[in-house]
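Single-letter residue listing:
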Amino acid sequence: MASSVDAYTRPERPRQGSASSARNLLLALPFLALLYVQIAHHVLWRDELNALAITWASPTIPSLFWHIHHEGHPWLWYAILWVPSRFTQSVLVLKFVQAIVSTAIILFVTLRSPFRTWEKALVLAGYFFVFEYTVLARMYGVMLLLFVVYLWWRTARPDNPIPSAVLLGLIASTDTLGILLSGALLLEYACAAWMRRNTSPLFTRRAAVAALAIYAAITGFAIWSGRPAPDISWRTTGRPFVYATDVSHLYDAFLRYTVLPFLAVKSPRSHFFWNPWMHRGGLAYTLPMLLIVGMLYFTFRRYPNLLLLLGLTILGGTAFGHLIYPGSERHYGIVFLAFVGCVWILRAASPAEPLPLTVYILLGVSALCSVWAVIGSWQRPFSYDKAAAEWIVANHFDRMPLVGEG
(Lines give C-alpha, C1' and ligand atoms only; values in the text may rest on other atoms or scores of the structure.)
Protein backbone atom coordinates (compact mmCIF):
# COMPACT_ATOMS: atom_id res chain seq x y z
CA MET A 1 0.00 0.00 0.00
CA ALA A 2 1.15 3.50 -0.68
CA SER A 3 2.80 5.64 1.96
CA SER A 4 0.74 8.04 4.02
CA VAL A 5 1.83 11.05 1.99
CA ASP A 6 0.36 9.52 -1.17
CA ALA A 7 -3.13 9.68 0.32
CA TYR A 8 -3.04 13.46 0.00
CA THR A 9 -1.94 13.68 -3.61
CA ARG A 10 -3.72 13.43 -6.91
CA PRO A 11 -2.11 10.79 -9.13
CA GLU A 12 -2.30 11.07 -12.85
CA ARG A 13 -4.79 8.54 -14.20
CA PRO A 14 -5.30 7.63 -17.84
CA ARG A 15 -8.49 8.78 -19.48
CA GLN A 16 -11.16 6.17 -19.91
CA GLY A 17 -11.43 4.77 -23.40
CA SER A 18 -14.64 3.84 -25.15
CA ALA A 19 -14.20 0.17 -24.21
CA SER A 20 -13.84 1.07 -20.53
CA SER A 21 -16.89 3.33 -20.64
CA ALA A 22 -18.92 0.63 -22.32
CA ARG A 23 -17.85 -1.88 -19.67
CA ASN A 24 -18.85 0.52 -16.93
CA LEU A 25 -22.25 1.11 -18.52
CA LEU A 26 -22.78 -2.64 -18.77
CA LEU A 27 -21.92 -2.89 -15.08
CA ALA A 28 -24.59 -0.32 -14.29
CA LEU A 29 -27.37 -2.14 -16.15
CA PRO A 30 -28.17 -4.90 -13.61
CA PHE A 31 -28.11 -2.40 -10.74
CA LEU A 32 -30.41 -0.06 -12.66
CA ALA A 33 -32.77 -2.92 -13.49
CA LEU A 34 -32.90 -3.98 -9.84
CA LEU A 35 -33.45 -0.37 -8.80
CA TYR A 36 -36.44 0.18 -11.10
CA VAL A 37 -38.07 -3.11 -10.12
CA GLN A 38 -37.69 -2.28 -6.43
CA ILE A 39 -38.97 1.28 -6.79
CA ALA A 40 -42.01 0.03 -8.69
CA HIS A 41 -42.66 -2.62 -6.02
CA HIS A 42 -42.00 -0.36 -3.03
CA VAL A 43 -45.06 0.85 -1.08
CA LEU A 44 -44.61 4.47 -0.02
CA TRP A 45 -44.85 5.08 3.70
CA ARG A 46 -45.75 7.92 6.05
CA ASP A 47 -42.45 9.81 6.14
CA GLU A 48 -42.05 9.65 2.37
CA LEU A 49 -45.57 10.89 1.69
CA ASN A 50 -45.41 13.57 4.37
CA ALA A 51 -42.65 15.45 2.54
CA LEU A 52 -44.74 15.51 -0.63
CA ALA A 53 -47.86 16.56 1.30
CA ILE A 54 -45.91 19.50 2.71
CA THR A 55 -45.05 20.71 -0.78
CA TRP A 56 -48.70 20.39 -1.87
CA ALA A 57 -49.73 22.45 1.15
CA SER A 58 -47.15 25.15 0.36
CA PRO A 59 -48.27 27.40 -2.52
CA THR A 60 -45.27 29.70 -2.00
CA ILE A 61 -41.64 29.31 -1.01
CA PRO A 62 -42.14 31.19 2.32
CA SER A 63 -45.00 28.84 3.22
CA LEU A 64 -42.78 25.88 2.33
CA PHE A 65 -40.13 27.02 4.79
CA TRP A 66 -42.79 27.60 7.45
CA HIS A 67 -43.89 23.99 7.11
CA ILE A 68 -40.30 22.71 7.08
CA HIS A 69 -39.76 24.16 10.54
CA HIS A 70 -42.31 21.64 11.78
CA GLU A 71 -40.29 18.78 10.28
CA GLY A 72 -36.89 19.37 11.80
CA HIS A 73 -35.09 18.66 8.51
CA PRO A 74 -33.18 21.10 6.27
CA TRP A 75 -34.65 22.50 3.09
CA LEU A 76 -33.14 20.80 0.03
CA TRP A 77 -35.37 17.72 -0.39
CA TYR A 78 -38.54 19.77 0.07
CA ALA A 79 -37.36 22.36 -2.43
CA ILE A 80 -36.69 19.62 -4.99
CA LEU A 81 -40.16 18.10 -4.49
CA TRP A 82 -41.83 21.52 -4.51
CA VAL A 83 -41.13 22.01 -8.22
CA PRO A 84 -42.96 18.93 -9.59
CA SER A 85 -45.66 19.30 -6.92
CA ARG A 86 -46.81 22.42 -8.75
CA PHE A 87 -47.79 20.26 -11.75
CA THR A 88 -49.18 17.02 -10.34
CA GLN A 89 -51.20 15.63 -7.45
CA SER A 90 -49.97 12.07 -7.99
CA VAL A 91 -47.88 10.41 -5.30
CA LEU A 92 -45.99 8.64 -8.08
CA VAL A 93 -43.97 11.82 -8.52
CA LEU A 94 -42.03 10.70 -5.43
CA LYS A 95 -40.95 7.52 -7.15
CA PHE A 96 -40.12 9.42 -10.34
CA VAL A 97 -37.86 11.91 -8.53
CA GLN A 98 -36.20 9.17 -6.50
CA ALA A 99 -35.60 7.10 -9.65
CA ILE A 100 -33.78 10.05 -11.25
CA VAL A 101 -31.62 10.62 -8.16
CA SER A 102 -30.79 6.92 -7.76
CA THR A 103 -30.01 6.48 -11.45
CA ALA A 104 -27.53 9.35 -11.19
CA ILE A 105 -25.90 7.69 -8.16
CA ILE A 106 -25.37 4.39 -9.94
CA LEU A 107 -24.08 5.98 -13.13
CA PHE A 108 -21.76 8.30 -11.24
CA VAL A 109 -20.19 5.44 -9.30
CA THR A 110 -19.73 3.32 -12.42
CA LEU A 111 -18.44 6.12 -14.66
CA ARG A 112 -16.55 8.43 -12.30
CA SER A 113 -15.35 6.49 -9.27
CA PRO A 114 -11.68 5.36 -9.16
CA PHE A 115 -12.53 1.77 -8.22
CA ARG A 116 -11.80 -1.27 -10.30
CA THR A 117 -14.79 -2.88 -11.98
CA TRP A 118 -15.47 -5.52 -9.36
CA GLU A 119 -14.88 -2.98 -6.58
CA LYS A 120 -17.55 -0.77 -8.14
CA ALA A 121 -19.88 -3.76 -8.11
CA LEU A 122 -19.16 -4.34 -4.41
CA VAL A 123 -19.81 -0.69 -3.55
CA LEU A 124 -23.06 -0.59 -5.54
CA ALA A 125 -24.15 -3.86 -3.93
CA GLY A 126 -23.95 -2.29 -0.46
CA TYR A 127 -27.19 -2.09 1.50
CA PHE A 128 -27.45 1.70 1.41
CA PHE A 129 -26.83 1.77 -2.35
CA VAL A 130 -29.27 -1.05 -3.09
CA PHE A 131 -32.14 -0.23 -0.77
CA GLU A 132 -32.12 2.35 2.02
CA TYR A 133 -30.84 5.41 0.13
CA THR A 134 -32.00 4.57 -3.39
CA VAL A 135 -35.41 2.86 -3.14
CA LEU A 136 -36.93 4.84 -0.28
CA ALA A 137 -38.01 8.27 -1.52
CA ARG A 138 -36.44 10.45 1.12
CA MET A 139 -33.72 13.07 1.40
CA TYR A 140 -30.98 10.50 1.95
CA GLY A 141 -30.79 9.68 -1.75
CA VAL A 142 -29.93 13.31 -2.55
CA MET A 143 -27.36 13.21 0.26
CA LEU A 144 -25.77 10.12 -1.28
CA LEU A 145 -25.71 11.65 -4.77
CA LEU A 146 -24.05 14.84 -3.53
CA PHE A 147 -21.66 12.69 -1.50
CA VAL A 148 -20.35 10.72 -4.48
CA VAL A 149 -20.08 13.90 -6.57
CA TYR A 150 -18.08 15.50 -3.76
CA LEU A 151 -15.75 12.50 -3.54
CA TRP A 152 -15.10 12.69 -7.26
CA TRP A 153 -14.26 16.40 -7.08
CA ARG A 154 -12.27 15.97 -3.84
CA THR A 155 -10.00 13.40 -5.50
CA ALA A 156 -9.94 14.77 -9.05
CA ARG A 157 -9.46 18.46 -8.19
CA PRO A 158 -8.29 18.76 -4.58
CA ASP A 159 -6.62 22.07 -5.46
CA ASN A 160 -9.96 23.82 -6.08
CA PRO A 161 -11.85 24.05 -2.76
CA ILE A 162 -14.74 26.30 -3.84
CA PRO A 163 -16.86 23.59 -5.56
CA SER A 164 -16.03 21.25 -2.67
CA ALA A 165 -17.39 23.82 -0.22
CA VAL A 166 -20.60 24.18 -2.21
CA LEU A 167 -21.11 20.41 -2.38
CA LEU A 168 -20.42 20.00 1.33
CA GLY A 169 -22.89 22.77 2.11
CA LEU A 170 -25.54 21.07 -0.02
CA ILE A 171 -24.88 17.75 1.77
CA ALA A 172 -25.56 19.61 5.01
CA SER A 173 -28.80 20.89 3.45
CA THR A 174 -30.28 17.41 3.07
CA ASP A 175 -30.53 16.17 6.66
CA THR A 176 -29.31 16.75 10.20
CA LEU A 177 -27.03 13.73 9.83
CA GLY A 178 -25.85 15.28 6.57
CA ILE A 179 -24.61 18.23 8.62
CA LEU A 180 -22.51 15.86 10.71
CA LEU A 181 -21.21 14.01 7.65
CA SER A 182 -20.33 17.20 5.77
CA GLY A 183 -18.49 18.55 8.81
CA ALA A 184 -16.40 15.38 9.04
CA LEU A 185 -15.65 15.54 5.30
CA LEU A 186 -14.64 19.20 5.63
CA LEU A 187 -12.21 18.42 8.44
CA GLU A 188 -10.74 15.50 6.47
CA TYR A 189 -10.14 17.88 3.57
CA ALA A 190 -8.57 20.44 5.92
CA CYS A 191 -6.35 17.75 7.47
CA ALA A 192 -5.13 16.67 4.03
CA ALA A 193 -4.32 20.28 3.15
CA TRP A 194 -2.55 20.81 6.48
CA MET A 195 -0.34 17.77 5.93
CA ARG A 196 0.85 19.27 2.64
CA ARG A 197 1.25 22.87 3.78
CA ASN A 198 5.07 22.79 3.75
CA THR A 199 5.60 20.68 0.64
CA SER A 200 3.05 21.27 -2.07
CA PRO A 201 0.06 23.25 -0.74
CA LEU A 202 -3.31 22.21 -2.15
CA PHE A 203 -4.62 25.76 -2.39
CA THR A 204 -3.93 29.32 -1.24
CA ARG A 205 -5.05 30.75 2.07
CA ARG A 206 -7.39 33.14 0.27
CA ALA A 207 -9.10 30.23 -1.50
CA ALA A 208 -9.40 28.38 1.81
CA VAL A 209 -11.02 31.37 3.53
CA ALA A 210 -13.45 31.87 0.63
CA ALA A 211 -14.38 28.18 0.62
CA LEU A 212 -14.89 28.14 4.37
CA ALA A 213 -17.13 31.23 4.17
CA ILE A 214 -19.23 29.60 1.44
CA TYR A 215 -19.58 26.39 3.43
CA ALA A 216 -20.51 28.29 6.59
CA ALA A 217 -23.16 30.32 4.74
CA ILE A 218 -24.84 27.33 3.10
CA THR A 219 -24.65 25.20 6.23
CA GLY A 220 -25.88 28.04 8.42
CA PHE A 221 -28.91 28.42 6.17
CA ALA A 222 -29.48 24.66 6.34
CA ILE A 223 -29.41 24.75 10.15
CA TRP A 224 -31.81 27.68 10.17
CA SER A 225 -34.22 25.94 7.77
CA GLY A 226 -34.20 22.76 9.88
CA ARG A 227 -34.61 24.57 13.19
CA PRO A 228 -37.65 22.96 14.89
CA ALA A 229 -40.63 25.22 15.45
CA PRO A 230 -41.43 25.97 19.13
CA ASP A 231 -44.67 23.97 18.94
CA ILE A 232 -43.19 20.92 17.21
CA SER A 233 -44.23 17.57 18.65
CA TRP A 234 -41.63 15.19 20.11
CA ARG A 235 -44.14 12.35 20.45
CA THR A 236 -42.29 9.91 18.16
CA THR A 237 -38.74 11.02 18.89
CA GLY A 238 -38.60 11.54 22.62
CA ARG A 239 -37.24 14.56 24.41
CA PRO A 240 -33.67 15.66 23.60
CA PHE A 241 -31.05 15.30 26.36
CA VAL A 242 -33.29 13.06 28.53
CA TYR A 243 -30.61 10.33 28.59
CA ALA A 244 -27.61 12.68 28.69
CA THR A 245 -26.23 11.13 31.91
CA ASP A 246 -27.20 7.52 31.10
CA VAL A 247 -23.96 5.63 30.33
CA SER A 248 -25.73 2.53 29.03
CA HIS A 249 -27.69 4.69 26.58
CA LEU A 250 -24.43 6.24 25.39
CA TYR A 251 -22.90 2.80 24.88
CA ASP A 252 -26.00 1.69 23.00
CA ALA A 253 -25.70 4.71 20.68
CA PHE A 254 -22.03 3.90 20.05
CA LEU A 255 -22.92 0.30 19.17
CA ARG A 256 -25.58 1.49 16.74
CA TYR A 257 -23.16 3.78 14.90
CA THR A 258 -20.39 1.18 14.66
CA VAL A 259 -22.15 -2.15 14.11
CA LEU A 260 -25.37 -1.36 12.27
CA PRO A 261 -23.80 0.59 9.39
CA PHE A 262 -22.37 -2.76 8.26
CA LEU A 263 -24.76 -5.35 9.77
CA ALA A 264 -27.64 -3.32 8.45
CA VAL A 265 -30.59 -5.73 8.43
CA LYS A 266 -32.07 -8.64 10.32
CA SER A 267 -32.93 -11.92 8.67
CA PRO A 268 -35.40 -11.47 5.76
CA ARG A 269 -37.81 -13.55 7.85
CA SER A 270 -38.01 -10.66 10.32
CA HIS A 271 -41.10 -8.50 9.89
CA PHE A 272 -39.06 -5.29 10.25
CA PHE A 273 -35.98 -6.55 8.44
CA TRP A 274 -34.88 -3.03 7.47
CA ASN A 275 -34.49 -1.77 11.04
CA PRO A 276 -32.46 -4.08 13.31
CA TRP A 277 -33.33 -3.22 16.88
CA MET A 278 -30.65 -3.31 19.53
CA HIS A 279 -31.44 -3.75 23.20
CA ARG A 280 -29.93 -1.08 25.37
CA GLY A 281 -26.45 -2.10 26.40
CA GLY A 282 -26.73 -5.12 24.11
CA LEU A 283 -23.65 -7.17 24.96
CA ALA A 284 -24.30 -9.41 21.96
CA TYR A 285 -23.12 -6.52 19.76
CA THR A 286 -19.92 -5.85 21.72
CA LEU A 287 -17.83 -8.46 19.91
CA PRO A 288 -18.96 -7.32 16.41
CA MET A 289 -18.25 -3.74 17.49
CA LEU A 290 -14.70 -4.63 18.54
CA LEU A 291 -14.13 -6.51 15.28
CA ILE A 292 -15.47 -3.69 13.10
CA VAL A 293 -13.64 -0.91 14.94
CA GLY A 294 -10.44 -2.99 14.81
CA MET A 295 -10.84 -3.59 11.06
CA LEU A 296 -11.45 0.10 10.41
CA TYR A 297 -8.39 1.10 12.40
CA PHE A 298 -6.22 -1.54 10.74
CA THR A 299 -7.37 -0.42 7.28
CA PHE A 300 -6.72 3.31 7.68
CA ARG A 301 -4.15 3.44 10.48
CA ARG A 302 -1.50 5.06 8.27
CA TYR A 303 -3.79 7.83 7.06
CA PRO A 304 -4.63 10.39 9.77
CA ASN A 305 -7.10 12.25 7.54
CA LEU A 306 -9.11 9.09 6.86
CA LEU A 307 -9.14 8.02 10.50
CA LEU A 308 -10.31 11.54 11.32
CA LEU A 309 -13.18 11.27 8.83
CA LEU A 310 -14.34 7.92 10.22
CA GLY A 311 -13.81 8.85 13.86
CA LEU A 312 -15.66 12.16 13.64
CA THR A 313 -18.58 10.56 11.81
CA ILE A 314 -18.90 7.79 14.40
CA LEU A 315 -18.54 10.15 17.35
CA GLY A 316 -20.89 12.73 15.84
CA GLY A 317 -23.52 10.08 15.13
CA THR A 318 -23.09 8.61 18.61
CA ALA A 319 -23.57 12.03 20.22
CA PHE A 320 -26.67 12.66 18.10
CA GLY A 321 -28.10 9.24 18.92
CA HIS A 322 -27.40 9.66 22.62
CA LEU A 323 -28.47 13.27 23.14
CA ILE A 324 -31.08 13.99 20.46
CA TYR A 325 -32.65 10.98 18.77
CA PRO A 326 -31.73 7.27 18.87
CA GLY A 327 -32.42 7.02 15.15
CA SER A 328 -32.98 4.23 12.66
CA GLU A 329 -30.92 2.41 10.07
CA ARG A 330 -31.12 5.33 7.64
CA HIS A 331 -29.26 7.49 10.19
CA TYR A 332 -26.52 4.96 10.90
CA GLY A 333 -25.71 4.87 7.18
CA ILE A 334 -23.58 8.01 7.40
CA VAL A 335 -20.83 5.85 8.93
CA PHE A 336 -20.98 3.47 5.97
CA LEU A 337 -20.75 6.47 3.64
CA ALA A 338 -17.73 7.75 5.57
CA PHE A 339 -16.15 4.31 5.14
CA VAL A 340 -16.84 4.37 1.38
CA GLY A 341 -15.40 7.88 1.26
CA CYS A 342 -12.18 6.72 2.92
CA VAL A 343 -11.86 3.82 0.49
CA TRP A 344 -12.61 6.14 -2.47
CA ILE A 345 -9.85 8.57 -1.43
CA LEU A 346 -7.44 5.70 -0.79
CA ARG A 347 -8.13 4.05 -4.16
CA ALA A 348 -7.81 7.38 -6.01
CA ALA A 349 -4.39 7.94 -4.42
CA SER A 350 -3.17 4.39 -5.11
CA PRO A 351 -4.88 3.13 -8.29
CA ALA A 352 -2.35 0.34 -8.86
CA GLU A 353 -2.24 -1.01 -5.30
CA PRO A 354 -4.60 -3.63 -3.84
CA LEU A 355 -6.91 -2.47 -1.12
CA PRO A 356 -6.66 -4.16 2.29
CA LEU A 357 -8.65 -7.38 2.64
CA THR A 358 -10.68 -5.78 5.43
CA VAL A 359 -12.23 -3.38 2.90
CA TYR A 360 -13.60 -6.25 0.84
CA ILE A 361 -14.86 -8.05 3.94
CA LEU A 362 -16.84 -5.03 5.15
CA LEU A 363 -18.20 -4.29 1.67
CA GLY A 364 -19.11 -7.96 1.28
CA VAL A 365 -21.03 -7.99 4.58
CA SER A 366 -23.00 -4.94 3.43
CA ALA A 367 -23.71 -6.64 0.09
CA LEU A 368 -25.04 -9.69 1.95
CA CYS A 369 -27.37 -7.39 3.87
CA SER A 370 -28.59 -6.11 0.50
CA VAL A 371 -29.55 -9.64 -0.53
CA TRP A 372 -31.53 -10.02 2.70
CA ALA A 373 -33.19 -6.63 2.14
CA VAL A 374 -34.26 -7.42 -1.43
CA ILE A 375 -35.69 -10.78 -0.37
CA GLY A 376 -37.33 -9.26 2.69
CA SER A 377 -38.89 -6.40 0.74
CA TRP A 378 -40.83 -8.93 -1.39
CA GLN A 379 -41.85 -11.07 1.57
CA ARG A 380 -42.68 -8.25 3.99
CA PRO A 381 -44.04 -4.92 2.75
CA PHE A 382 -42.18 -1.86 3.95
CA SER A 383 -45.52 -0.11 4.49
CA TYR A 384 -49.16 -1.11 4.90
CA ASP A 385 -50.36 2.08 3.19
CA LYS A 386 -51.39 0.18 0.06
CA ALA A 387 -53.27 -2.47 2.02
CA ALA A 388 -55.00 0.24 4.06
CA ALA A 389 -56.01 2.14 0.92
CA GLU A 390 -57.39 -1.02 -0.68
CA TRP A 391 -59.41 -1.75 2.48
CA ILE A 392 -60.84 1.79 2.48
CA VAL A 393 -61.94 1.47 -1.16
CA ALA A 394 -63.31 -2.05 -0.68
CA ASN A 395 -65.46 -0.87 2.23
CA HIS A 396 -66.64 2.27 0.39
CA PHE A 397 -65.01 4.69 2.81
CA ASP A 398 -63.01 6.47 0.09
CA ARG A 399 -65.58 9.27 -0.33
CA MET A 400 -66.15 9.90 3.36
CA PRO A 401 -64.60 12.91 5.14
CA LEU A 402 -61.44 12.41 7.14
CA VAL A 403 -61.89 12.94 10.86
CA GLY A 404 -59.35 15.09 12.60
CA GLU A 405 -58.25 17.18 9.63
CA GLY A 406 -57.68 20.78 10.69
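Residues numbered from 1 in each chain as written. Predicted model: local features only at pLDDT ≥ 70, side-chain atom pairs only at ≥ 80, totals over all residues. Heavy atoms only, no water.

(A) Representation of the overall build of the protein chain within the structure. Check the secondary structure of the protein chain and you find 17 helices and zero strands. For the protein chain, buried positions account for 51% of its 406 residues. Nonlocal contacts in the protein chain, meaning residues at least 24 apart in sequence, comprise 81% of its contacts between residues at least 6 apart. (Helix = DSSP H or I, 4+ residues; strand = E, 2+ residues; numbered from the N terminus. Buried < 20%, exposed > 50% of the residue type's maximum accessible area, 1.4 Å probe, protein only. Contact = heavy atoms within 4.5 Å.)

(B) Looking closely at a nonpolar patch on the surface. A grouping of Leu368, Val371, Trp372 and Ile375 is seen on the molecular surface, where their side chains present a nonpolar patch of about 330 Å² in accessible area. One can find Ile375 in helix H16 (residues 357–379). (Patch = residues over 30% accessible without salt bridge, like charges linked within 9 Å, V, L, I, M, F, W, Y side chains within 5 Å. Areas by Shrake-Rupley, 256 points an atom, 1.4 Å probe, with all protein chains shown as cover. Salt bridge = Lys/Arg side-chain N within 4 Å of Asp/Glu carboxyl O.)

(C) Here's a closer look at the nonpolar core. In this structure, Phe129 and Phe339 are the most contacted members of the largest nonpolar core, which totals 111 residues. Other than its neighbours up to four places away in sequence, Phe129 contacts Ile105, Val109, Val123, Leu124, Thr134, Leu144, Val148, Phe336, Leu337 and Val340. (Core = buried A, V, L, I, M, F, W, Y, C linked by side-chain atoms within 4.5 Å.)

(D) Molecular detail of helix H13 (residues 286–300). With 15 residues, H13 should reach 21 Å at 1.5 Å per residue; the first-to-last C-alpha distance of 21 Å fits that figure. Buried within H13 we find Thr286, Met289, Ile292, Met295, Leu296, Thr299 and Phe300. Against helix H12 (247–256), helix H14 (304–323), helix H15 (329–349) and H16 lie the buried residues of H13. (Expected span 1.5 Å × (residues − 1).)

(E) Main features of the confidence of the model for the protein chain. When pLDDT is averaged across the protein chain, the result is 89; 90% of the residues are at 70 or more. Element-level pLDDT for the protein chain is lowest in helix H17 (residues 385–394), with a mean of 79, against a maximum mean of 98 in helix H9 (residues 161–172). Scored below 50 in pLDDT, residues 1–9 shows 29 contacts in the model against residues more than four places distant or in partner chains. (pLDDT = per-residue confidence, 0-100.)

(F) Molecular detail of the environment of Thr258. Assignment of secondary structure puts Thr258 in the loop between H12 and H13. Given a relative accessible area of 2%, Thr258 falls into the buried group. Those residues within four positions of Thr258 in sequence are excluded, and the remaining contacts are Met289, Ile292, Val293 and Ile314.

(G) Layout of the packing of H12 against H14. Packing of H12 against H14 brings their axes to within 8 Å, and their N-to-C directions diverge by 135°. Judged on the interaxial angle alone, H14 and H12 are oblique. The hand of the H12/H14 crossing is right-handed. Along the contact surface, H12 presents His249, Leu250, Ala253 and Phe254, while H14 presents Ile314, Thr318, Gly321 and His322. For the contact of H12 with H14, the class distribution of residues is four nonpolar, four polar and no charged. (Axes fitted to C-alpha atoms, helices over the stretch in contact; angles between N-to-C directions. Parallel < 35°, antiparallel > 145°, perpendicular 65-115°, else oblique. Left-handed = near helix turned anticlockwise from the far one by under 90°. Nonpolar A, V, L, I, M, F, W, Y, C, P; charged D, E, K, R; others polar.)

(H) Summary view of the packing of aromatic side chains. Inspection of the entire model under this criterion finds 19 aromatic pairs. Taken together, the ring pairs in this structure connect Tyr127, Phe128, Phe131, Tyr133, Tyr140, Phe262, Phe300, Phe336 and Phe339 into an aromatic cluster. The residue whose ring lies beneath Arg197 is Trp194, and the NZ or CZ to ring-centre distance is 3.8 Å. Here the guanidinium or amino end of Arg301 rests over the ring plane of Phe298, the centre of that ring lying 4.3 Å away. (Phe/Tyr/Trp six-rings, centres within 6.5 Å; stacked < 30°, edge-to-face > 60°. Lys NZ or Arg CZ within 6 Å of the ring centre and 35° of its normal.)

(I) Representation of the pattern of salt bridges in the model. With the rule as written, the count across this model stands at seven salt bridges. Residue Asp47 pairs with Arg46 through a salt bridge whose shortest N-O separation is 3.2 Å. Put simply, Arg256 and Asp252 hold a salt bridge, and the shortest N to O gap is 2.9 Å. In this pair, Arg256 and Asp252 both sit in helix H12, four residues apart, roughly one turn of the helix. The pair Arg256 / Asp252 is uniform in exposure class, with both members buried. Through salt bridges with shared partners, a single ionic network connects Arg46, Asp47, Arg138 and Arg330.

(J) Spatial organisation of H12. All buried positions along H12 are accounted for by His249, Asp252, Ala253, Leu255 and Arg256. Buried residues of H12 fall within an arc of 160° about the axis and therefore sit on the same side. Tucked inside the fold, the buried residues of H12 contact H13, H14 and H15. (Arc of directions from axis to C-beta.)

(K) Main features of the environment of Arg256. By relative accessible area, Arg256 is classed as buried at 9%. Here the alpha-carbon distance between Arg256 and Pro326, two residues 70 residues apart in the chain, equals 8.7 Å. Within the local environment of Arg256, its side chain forms a polar contact with the side chain of Asp252, the two groups lying 2.9 Å apart. (Polar contact = N/O pair within 3.5 Å; in protein donor to acceptor, adjacent residues only side chain to side chain.)

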